[in-house]
Amino acid sequence: MTANELRQKYLDFFKSKGHSIIPSGSLIPENDPTVLFTTAGMHPLVPYLMGENHPGGARVANAQKCIRTGDIDDVGDNRHLTFFEMLGNWSFGDYFKKEAIEWSWEFLTDKKWLGIDPKRLYVTVFKGNDDSPIDQFSIDTWQEQFAKAGIKAEVCPYNNPVNGNADFRIFSLPAKDNWWGPAGETGPCGPCSEMFLDVEPSKGPMRKTFDEEVDGFRIMEIWNDVFMEFNKTKEGKFEKLEQKNVDTGMGLERTIAVLSGKRDAFDSDVFYNIFNKIEQLSGKKYNDAEDTAKAMRIIADHIKAATFIMGDDKGITPSNTDQGYVVRRLIRRAIRYGKQIGIKDELWTKEIAKVVSHDFSEHYPELRKNIDFIINNLKDEENKFSKTLERGLKEFEKVLSVDGITGVEAFNLYQTYGFPIEMTKELAAEQRVKVDEKGFENELKKHQDLSRSASAGKFKGGLADASEETKRLHTAAHLLLASLRKVLGNHVFQKGSNITAERLRFDFSHPEKMTDEQKQEVERLVNEVIGKNLPVIQEEMSLDEAKKRNAMGVFESKYGERVKVYTVGEGDNVFSMEICGGPHVEKTGELGKFKIKKEESSSAGVRRIKAVWE
Ligand code: SER
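Procedures and definitions
- Residues numbered from 1 in each chain as written.
- Predicted model: local features only at pLDDT ≥ 70, side-chain atom pairs only at ≥ 80, totals over all residues.
- Heavy atoms only, no water.
- Helix = DSSP H or I, 4+ residues; strand = E, 2+ residues; numbered from the N terminus.
- Rg over C-alpha atoms; globule rule 2.2 N^0.38 Å.
- Buried < 20%, exposed > 50% of the residue type's maximum accessible area, 1.4 Å probe, protein only.
- Contact = heavy atoms within 4.5 Å.
- Areas by Shrake-Rupley, 256 points an atom, 1.4 Å probe, with all protein chains shown as cover.
- Lys, Arg positive; Asp, Glu negative; His and termini not counted.
- Charge placed at Lys NZ, Arg CZ, Asp CG, Glu CD.
- Near = heavy atom within 4 Å.
- Polar contact = N/O pair within 3.5 Å; in protein donor to acceptor, adjacent residues only side chain to side chain.
- Nonpolar A, V, L, I, M, F, W, Y, C, P; charged D, E, K, R; others polar.
- Phe/Tyr/Trp six-rings, centres within 6.5 Å; stacked < 30°, edge-to-face > 60°.
- Lys NZ or Arg CZ within 6 Å of the ring centre and 35° of its normal.
- Salt bridge = Lys/Arg side-chain N within 4 Å of Asp/Glu carboxyl O.
- Expected span 1.5 Å × (residues − 1).
- Axes fitted to C-alpha atoms, helices over the stretch in contact; angles between N-to-C directions.
- Parallel < 35°, antiparallel > 145°, perpendicular 65-115°, else oblique.
- Left-handed = near helix turned anticlockwise from the far one by under 90°.
- Core = buried A, V, L, I, M, F, W, Y, C linked by side-chain atoms within 4.5 Å.
- Pairing = 2+ DSSP bridges.
- Disulfide = S-S within 2.5 Å.
- pLDDT = per-residue confidence, 0-100.
- Bend = angle between axes of the 7 residues up to and from the residue.

### Considering the overall build of the chain
- Regarding its fold elements, the chain presents 20 helices and 17 strands.
- Rg of the C-alpha trace for the chain: 25 Å, near the compact-globule value of 25 Å for 614 residues, within the 12% margin.
- When each of the 614 residues of the chain is scored for burial, the buried share is 57%.
- Long-range contacts, defined as pairs at least 24 residues apart, comprise 70% of the intrachain contacts of the chain with a sequence gap of at least 6.
- Per element, the accessible surface of the chain, about 25800 Å² overall, is 46% carbon and sulfur.
- Between the mean site of the 89 positive side-chain charges and the mean site of the 99 negative ones, the chain shows a separation of 2 Å.

So, in structure tokens, the structure goes:
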């Protein structure tokens, strides 16, 4: 089965169960300043899990683009991926455990769908703790499913060895394994039930504990059903949500590999064309040596991830902060490994991006749309780094000593040769020496160039509360866009936004610097609308209807058939109308006095405004 086939089957199946198929949300979370990337399918859907109405209804399914940066330096083995697709189905207060489990079983075992032999399946459930009891309902429901295949499914207590008992099919595990979420500090979460496939059924029944069999890669996870009925509060309490939700996630790359009996997440058609291109460029074969395979996995994963991030309509480019820093790290690490396997071509990373765009544009058309932008940025970044890489590696060898790399040396490698600190650490680890990271951070601070991303905290991710402050700035962003179009013209479109509790950052298409008069006029218009205390009205409608009414669409590719539209003003007094997920204030009078702090270039043809409340 190919990845396209699995994706399509999954979506067709859930469509047949009354789900609306919605497009992937953006890889860059909207209005969530605490996290750089979307890390799971549920991430963009948090408001709906918390009770907001989704325009697609109470049952939706999709394939979501995800990035997990915590593992970047582990990529190279055959399991970790930076970018992956997550297939998921959701119930927003509609169906719950029974249907979720029955449909998981049907999709996995029915010949019409995946047709997996039920004897190869094992499941886990939550064993209970002080916050929530053992998930007996899921145990019963799973037993009913296994019984359909004539399998007596018994529960194996946590950490007991299976000892060849083929009846042990259900494993009850603690919260560290079977409680999912929240994605950040607070938010929706709940017990989960995971499905595993035996990749070596010929070995007969398992003998060791479940954990050991999973660690030994005999038993591989393919799907996770989360029963989100709790909200974790700031105080760390688990409160029942008003609605019971389902959030499921199936990692596409891993599942496609496991289904064909492979343990290697890279061993599927998701990566074959990319590997072929790398083999062509390097003149080496993937199977030549483990080192070569490792380098090729890193290049494939990293350039694919960078392509998806830059291709996400938000105009992210390599830089020293936030998402841009991750893109920079990915590209530079790939370039270093490219050199290691003997790629001599100049500006070769774009060749990989073309393959990614070719292979994935059918489902993610934004890649095709943004391919020139992606290619140009890859070329720029490679130009910058290739020149200094060789000299930097020489410098690294020169300063290398048994005592490790000092902060000053690491900073010099960063400043003069463009080595991300993570790369210096990796090079040092290969020589079994350490880098004085604290010293590096101090140097960086001294040079007034502290990369927020490099200071680790931001990589951990997490969702913030949709706090009042970000909500107000979000509404201000709509007023800003409408005002910019009035003052500068209709060529202005939103290219991205990022909101923290303190400020709004807004990127838009415009070819030149704004004059002081233009900035003042934009501020004046925004503040005028705030002064009028206009209502902000939310409506749901079809995408066609929204287009007919000339609602501003920001990122075409990510809308479903039904959308939410926010209108500021009424009747003849409509100031702004945008397709948007929300949330927003109810009246513009809730906003403060709007002030543009800065207007600068963001990338070619794109300007960036930073704005605050005065
Ligand atoms: N949120 C869960 C996960 O990421 C299920 O989708 O595994």
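### With respect to the site of the ligand
- For the ligand, the full set of nearby residues is A40, M42, R68, M86, W180, N224, V226, D247, T248 and G249.
- D247 is positioned with one of its side-chain polar atoms (N or O) 2.7 Å from an oxygen atom of the ligand.
- Ranked by the residues each element gives to the shell around the ligand, the list is headed by strand β10 (residues 238-251), at 3 residues.
- In the shell around the ligand, the residues fall into 5 nonpolar, 3 polar and 2 charged.

### A look at the packing of aromatic side chains
- Scanning all chains against the criterion turns up 32 aromatic pairs.
- Ring geometry for F308 versus F360: centroids 5.8 Å apart, planes at 70 degrees, classification edge-to-face. Of this pair, F308 sits in helix α9 (residues 290-310) while F360 sits in helix α11 (residues 349-360), placing them 52 residues apart in sequence.
- Three or more aromatic residues joined by ring pairs form one cluster here, namely Y10, F13, F14, F107, W113 and W223.
- Sitting over the face of the ring of F271, K304 holds its NZ or CZ atom 5.0 Å from the ring centroid.

### A word on the pattern of salt bridges
- In the structure shown here, the tally under the stated rule is 47 salt bridges.
- With a shortest N-O distance of 3.5 Å, E395 and K398 are connected by a salt bridge. Taken as a pair, E395 and K398 lie in helix α13 (residues 371-399) at a separation of 3 residues, close to a single helical turn.
- Taking the relative accessible area as the measure of exposure, E395 reaches 14% and is therefore buried.

### Observations regarding helix α10 (residues 322-340)
- With 19 residues, α10 extends 28 Å from end C-alpha to end C-alpha; this agrees with the ideal 27 Å at 1.5 Å per step.
- Buried residues dominate α10, accounting for 17 of its 19 residues.
- Among the residues trailing α10, G342 stands out with phi positive, at a value near 85 degrees.

### Comments concerning the packing of α13 against helix α15 (residues 421-430)
- Contact geometry for α13 and α15: axes closest at 12 Å, N-to-C directions at 40 degrees. As summarised for this structure, α13 and α15 are arranged oblique, according to the angle between their axes. As α13 packs across α15, the resulting crossing turns out to be right-handed. Counted together, F385, L393 and F396 of α13 and M423, T424, L427 and A428 of α15 form the full contact between these two elements.

### Considerations on the nonpolar core
- Judged by nonpolar contacts, the single largest core of 128 residues is most densely connected at I278 and I299.
- Here this core takes 12 residues from α9, the largest share from any one element.
- Ignoring any residue separated from it by four or fewer positions in sequence, one finds I278 in contact with M296, I299, A300, I341, I343 and I352.
- Counting residues in each nonpolar core, the second largest holds 33 residues, with A477, L481, L484 and I499 among its members.

### Let's talk about the sheet that holds strand β16 (residues 594-603)
- Taken together, the 4 strands give an open sheet; going across it, the order is β11-β12-β17-β16, and neighbouring strands pair in antiparallel fashion. For this open sheet the edge positions go to β11 (494-499) and β16, each flanked by a neighbour on one side alone. With direction set aside, neighbouring strand axes in the sheet form an average angle of 20 degrees.
- The pairing of strand β12 (residues 504-509) with strand β17 (residues 606-613) spans 6 bridges and is classified as antiparallel. Across the sheet, the residue bridging to L504 is A611, located in β17.

### Structural notes on the pairing of β16
- Bridge count between β16 and β17: 8 bridges; the pairing is antiparallel. Residue pairing across strands places K595 opposite V612, the latter belonging to β17.
- Between β16 and β17, which pair antiparallel in sequence order, lie 2 residues; one of them, G605, sits at a positive phi of approximately 75 degrees.

### Some words on the state of the cysteines
- Summed over all chains, the structure comprises 0 disulfides.
- The thiol sulfur of C66 is not disulfide-bonded, and the nearest other cysteine sulfur, from C192, lies at 16 Å.
- The class for C192 is buried, based on a relative accessible area of 1%.

### Here we look at the confidence of the model for the chain
- Here the chain averages 91 in pLDDT, while 95% of its residues score no lower than 70.
- Here residues 450-466 is a poorly scored stretch, pLDDT under 50, and it has 47 contacts once near neighbours within four places are set aside; other chains count.

### Focus on α13
- Its 29 residues place the ends of α13 40 Å apart at the C-alpha level, agreeing with the 42 Å of an ideal helix rising 1.5 Å per residue.
- When the local axis directions of α13 are compared, the greatest deviation, roughly 40 degrees, occurs at L389.

### A few points about the sheet that holds strand β15 (residues 576-579)
- Pairing in this open sheet of 3 strands is antiparallel, and the strands run β13-β14-β15 from one edge to the other. With partners counted over all chains shown, the strands left at the sheet margins are β13 (536-542) and β15, one partner each. With direction set aside, neighbouring strand axes in the sheet form an average angle of 25 degrees.
- Examined bridge by bridge, β13 and strand β14 (residues 562-568) share 7 bridges and lie antiparallel to one another.

### Considerations on the pairing of strand β9 (residues 219-232)
- Across the 14 residues of β9, 12 count as buried, placing the element largely inside the fold.
- Examined bridge by bridge, strand β8 (residues 187-198) and β9 share 10 bridges and lie antiparallel to one another. Across the sheet, the residue bridging to E194 is N224, located in β9.
- Examined bridge by bridge, β9 and β10 share 8 bridges and lie antiparallel to one another. Pairing of V226 across the sheet is with D247, part of β10.
- Hairpin connection between β9 and β10: a loop of 5 residues separates the two successive antiparallel strands, and G236 in this loop has a positive phi of roughly 85 degrees.

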